[in-house]
Amino acid sequence: MDFHAVRILFVFLLLSQFAGSLRAEEVGCVTTAWKLIGANHKVCVYAFDDPKIPGVTCNVSQAKTGGIKGTFGVAEDPSQFALSCAQVGPIVLPAKMPKDEIVFSEDTSLMFKETAIHRLFDAKRNVLIYLAISRKLIDGAPANAISTVPVLVLGR
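Residues numbered from 1 in each chain as written. Predicted model: local features only at pLDDT ≥ 70, side-chain atom pairs only at ≥ 80, totals over all residues. Heavy atoms only, no water.

## A short note on the pairing of strand 2 (residues 41-49)
Here strand 1 (residues 25-33) runs beside strand 2; their pairing, made up of 7 bridges, is antiparallel. Residue T31 lies in a different strand from strand 2, and its bridge partner there is K42. Bridge analysis of strand 2 against strand 3 (residues 56-64) gives 8 bridges, and the strand direction is antiparallel. Of the residues in strand 3, the one forming a bridge with F48 is C58. Counting the residues between successive antiparallel strands, the hairpin from strand 2 to strand 3 contains 6 residues, one of them, G55, with a positive phi of roughly 100°. (Pairing = 2+ DSSP bridges. Helix = DSSP H or I, 4+ residues; strand = E, 2+ residues; numbered from the N terminus.)

See below:
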């Protein structure tokens, strides 16, 4: 591969890193460690609405690596996050619920690592289950977090 092709691949990967986070809205960030050069290490909180289940909003917090690599978006963020989802309005479930569907994903390194949030449905208990996992190409036991939203009828 020539230098021009490598540069194009690098720009594509860098842009794709930001594309996954466009679906979530940043609520705010808190500095966890001050860095002399570059961005500080921080934990950021994001909100996103389930794209197919109106009435459900999830908040996810993720550790963000600072320093020079973090400033330029090439740092690998640690697999540290938390997840909380809540019913914020009436929930209308589709006629057919997929068994497992990814509702949000964000790259957490330039290559091969992402945080993905899956929606599962427990029909017996009428509960939506949101499972956040960190995927890395080599690791077999990913970090994970879970949040549940009971499907309640509001206003009765």
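## Some details on the state of the cysteines
As enumerated under the stated definition, the model contains 2 disulfides in all. Here C29 is linked by a disulfide to C44, with a sulfur-sulfur distance of 2.0 Å. On the S-S bond that ties C29 to C44, the torsion sits near 105°, and the link is right-handed. Within this pair, whereas C29 is found in strand 1, its partner C44 is found in strand 2, the two being separated by 15 residues in sequence. On the basis of relative accessibility, which here comes to 31%, the residue C29 falls in the partly exposed class. What connects to what in the chain, once the bonded cysteines are numbered by sequence position, is 1-2, 3-4. (Disulfide = S-S within 2.5 Å. Buried < 20%, exposed > 50% of the residue type's maximum accessible area, 1.4 Å probe, protein only.)

## Quick look at a nonpolar patch on the surface
Nonpolar side chains collect at one region of the surface, where W34, L36 and I37 lie side by side and expose about 430 Å² of accessible area between them. Summarising the element assignment, I37 is placed in the loop between strand 1 and strand 2. Given the relative accessible area of 54%, I37 is considered exposed. (Patch = residues over 30% accessible without salt bridge, like charges linked within 9 Å, V, L, I, M, F, W, Y side chains within 5 Å. Areas by Shrake-Rupley, 256 points an atom, 1.4 Å probe, with all protein chains shown as cover. Salt bridge = Lys/Arg side-chain N within 4 Å of Asp/Glu carboxyl O.)

## Remarks on the pattern of salt bridges
Tallied over the entire structure, the rule returns 4 salt bridges. The salt bridge involving E101 is made with R119; its shortest N-O contact spans 3.0 Å. Residue E101 is located in strand 5 (residues 100-107), and its partner R119 is located in strand 6 (residues 113-122); the two are separated by 18 residues in the primary sequence. You'll find E101 and R119 in the same group, each marked buried. Through salt bridges that share partners, D50, K52, E101 and R119 make up one connected network.

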